[in-house]
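Each chain is listed here by its residues.
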Amino acid sequence: MEIVKNVKRTCYVPYHWCYGYYNTLFFERLKEEKVIYGSRCTSCGKVVVPTTAVCARCFAPTEKDPVPVSDEGYIDSFTIVYLPYPGQPSTPPYAYGMIKLDGTSNLFMHMIGGVPLEEIKVGMRVKAVWNEERRGDFYDIKYFQPVKD
Amino acid sequence: MSRVLDWDITVPFRWTCGPVYGRFLGGLKEKQLLGFECPRCQEVYCPPQDICPRCGGDFDPEQCRPLGEEGDLVSFTVVEANLFGPRPDDEYLRRRIHPADLGEHPLLWPPDPPYAIVMVRLDGAANNFLHLARGEDLSRLQVGCRMRAVWKEEREGFLLDLDRFTVL
Amino acid sequence: MATKVAVVGIGMTENKSRWDLSLPGLYRLAYQRALEDCGLKSEDIDAVAFGHSPEYFEGVNHPEKWCGEAVGALNKPLFRVHTGGTVGGSVAIAAYYLVASGKFEVVLAISGNKLNETSSAQIGLSTVYDPIMGRQFAAGAPSAVAVQASKYYSQYGYNEDHGLMVAVKNRNNALKNPYAQLRIPDYTLEGARNTPMLCHPLRLADMCPTSDAACAMIFAAEHRVEAITDNPAWVLSAVAVNEGINYVDRDWSKPIGLRKAAELAYERAGIKDPRRELDVVEVYDAFSVQELIWYEGLKLCDWGEGGRLMESGATRMEGDIPVNPSGGTLCANSIGASAMFRKAEAALQVMGRAGEHQIPGVRRALGHGWGGGIQFHTIMIFGKDKP
């Protein structure tokens, strides 16, 4: 009699994740205004992106009004993904990184594009390239593209 | 008003059976309901586990024998409503996972209602077998009534090789 | 005053892809080996601390529900602990706390995973990101650490070779460890350089394998230790620290959470100069470059000096501060058990029972673990002498 080795199945679980006030605000403004918004900490005075209720370093509340921030900054770190796997945002090879937007104090993760991958360097200046049709999600920004200083 | 993100987690898996489940599922493929005797407390389990849930003894995959296909209905419930929402179609699933995976890893999904979840104590077994009744007049189900196993035509070594239990 | 606690028994399964055991079967094996190791029986264990990493890595949920009897948790307290990659470390610390509290005398810590049970581990991994802010990039683990690596290399003027040197050291150490998964003879820097680039700057050689494994440790209160073993590993300190994910001015290559954990651990163990006073260290190097960053977090050297410490040879088996003589997480990673393997390996070194990869004369050893967004750090320090 056969000893069955394994059972193969796919699990599918649908969800409805609630954005909450600050995330809703962030994506609505991205779509409507083509502007990235952050929040200023009432204690340390630094600006973090995206908009948030509390500074994750000071645990102090942020100012009530969100702060528009620059869509330019520099690459703090990055990776080029060569490994293909399901659910990826793009077809490898592609680059994404942590971007320090001007005037902010934390890092904003996004794709890096519009440049040959081998030219990407830490410290490079980048600017957001926007999609003309925006749906209120991260890909309202296509990617961040290196620019001259 | 907060926005809501409607999305899903979809992942293909292959779960290892180990020697005890592996033998039990091999039995189902051959239309046999194998009862496993705990070497320590001598209780017979169908379906088995790796470890006896009563005394903590290790089951021996060799220490098993086919039970009959009949037993008593210990308890049941009739599921009338669709508790899972709409079934995603295969084309959508192929986009969410590696396309080649879906053929080998079919979607785990419950049957369309109405169906019954039944707890059957097979003759000679010490535990209850949690399974399905469906495709018949479910109002005939009564605690204590006799049930019999009905097999699928095509079997693969899966719990639903045993298609359902039916009222005798 | 907390009760003094020692590790009295250890059980490990080999790290590999295994299709012979179910998840409860795997836990069972580690559990039985731990009992055999110290001659205890199931009824001698007062309580169980149970660990497993994010369930979606293997398509299960709440596994302690059907794995409890496999680890002897029948009609006794069972506590589930969960902190992602470092879960094995948190479980060991939880078991230590249970005994130190004086409420339990002998407690089992057990944790494991079967990572080979999905063909798409990266989908499972991407579910640990906030679905609204983060999962859109489906980053998985390699690319998240690749971002940490590129920051580290560029900040301090290091390059890919520094990570690959760690890979070569640990893969050669793993040849001496029968529980390691990657045991590749003649592993050279040249060979490592020629492996494919997966997520720049990380190559295949920089990455851990996916393993199925479980690890168990038995902790006992001081007044029970003597009757169980004459060769315990005493717990000198146990610390867990969490830092945030994307807070103001976070530098991914400078783990302040680990530094905080290390300072607390050394203070409690009475250690002033860790490089001199520790005899061996096991760090959670799921990716080669992380070992360099953890050297710095653990104060084995200053910030930015990790690459140079590696170059000096000090962390090799024969160096003055050997790191990962077992081959580390880089040669065996089930996630669920990995952080406990680091603690168990450190304890074995103190007991003098690490086999071929034993460092001579170990009196104090440290085991580390990390999990989550490179944020949860656990440290345990073991000593040969009762504190």
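Our subject is the structure that appears above.
Here the structure is a predicted model, which means the values were calculated and not measured.

**Student:** Describe the overall build of chain A, naming the residues involved and giving the relevant values.
**Tutor:** Counting secondary structure elements, chain A contains one helix and nine strands. In summary, chain A has a C-alpha radius of gyration of 19 Å against a globular reference of 15 Å for 149 residues, an excess of more than 25%. Projected onto its principal axes, the C-alpha coordinates of chain A cover approximately 70 × 40 × 30 Å. In chain A, which comprises 149 residues, the share counted as buried stands at 48%. Here the contacts in chain A between residues at least 6 apart in sequence split such that 51% fall between residues at least 24 apart. For chain A, the computed accessible surface area is about 7000 Å², with 51% contributed by carbon and sulfur atoms. Here chain A holds 18 positive side-chain charges and 17 negative ones, and the gap between their average locations is 5 Å.

**Student:** Account for the interface of chain C and chain A, naming residues and giving values.
**Tutor:** Opposite the 33 residues of chain C that make contact, chain A presents 42 residues. Inspection of the region where chain C meets chain A yields two salt bridges. Between Asp 76 of chain A and Lys 151 of chain C there is a salt bridge, and its shortest N-O distance comes to 2.8 Å. For the interface between chain C and chain A, the tally reads 12 residue pairs in polar contact (both at pLDDT 80 or more). Counting residues per element, the ones that place at least two in the side of chain C that touches chain A are helix H4 (121-126), helix H5 (140-156) and strand E5 (197-200) of chain C. It is H5 of chain C that provides the largest number of residues to the side of chain C that touches chain A, a total of eight residues. Each residue belonging to the side of chain C that touches chain A can be placed in one class, and the counts come to 19 nonpolar, 10 polar and four charged. Where strand E5 (residues 72-81) of chain A and E5 of chain C come together, two bridges link them in antiparallel fashion. Bridge assignment links Val 81 of chain A to a residue of E5 of chain C, and that residue is Cys 199 of chain C.

**Student:** Tell me what's going on with the interface of chain A and chain B, and back it up with residues and numbers.
**Tutor:** On the chain B side, the residues contacting the 26 residues of chain A number 43 residues. Where chain A abuts chain B, roughly 3200 Å² becomes buried across the two surfaces, and 59% of that area is made up of carbon and sulfur atoms. Of all residues in chain A, Arg 9, Thr 10 and Tyr 12 of chain A bury the most surface against chain B, accounting for 27% of the area lost on that side. At the boundary of chain A and chain B, one finds 19 residue pairs in polar contact (both at pLDDT 80 or more). Breaking the side of chain A that touches chain B down by element, the ones donating at least two residues are strand E1 (6-18) and helix H1 (20-33) of chain A. At 13 residues, the largest contribution of residues to the side of chain A that touches chain B is made by E1 of chain A.

Thresholds, definitions, all that
Residues numbered from 1 in each chain as written. Chains lettered and ligands numbered in written order. Predicted model: local features only at pLDDT ≥ 70, side-chain atom pairs only at ≥ 80, totals over all residues. Heavy atoms only, no water. Helix = DSSP H or I, 4+ residues; strand = E, 2+ residues; numbered from the N terminus. Rg over C-alpha atoms; globule rule 2.2 N^0.38 Å. Buried < 20%, exposed > 50% of the residue type's maximum accessible area, 1.4 Å probe, protein only. Contact = heavy atoms within 4.5 Å. Areas by Shrake-Rupley, 256 points an atom, 1.4 Å probe, with all protein chains shown as cover. Lys, Arg positive; Asp, Glu negative; His and termini not counted. Charge placed at Lys NZ, Arg CZ, Asp CG, Glu CD. Salt bridge = Lys/Arg side-chain N within 4 Å of Asp/Glu carboxyl O. Polar contact = N/O pair within 3.5 Å; in protein donor to acceptor, adjacent residues only side chain to side chain. Nonpolar A, V, L, I, M, F, W, Y, C, P; charged D, E, K, R; others polar. Pairing = 2+ DSSP bridges. Buried area = accessible area lost by both parts, 1.4 Å probe.

By themselves, these figures tell us nothing about what the structure is for.
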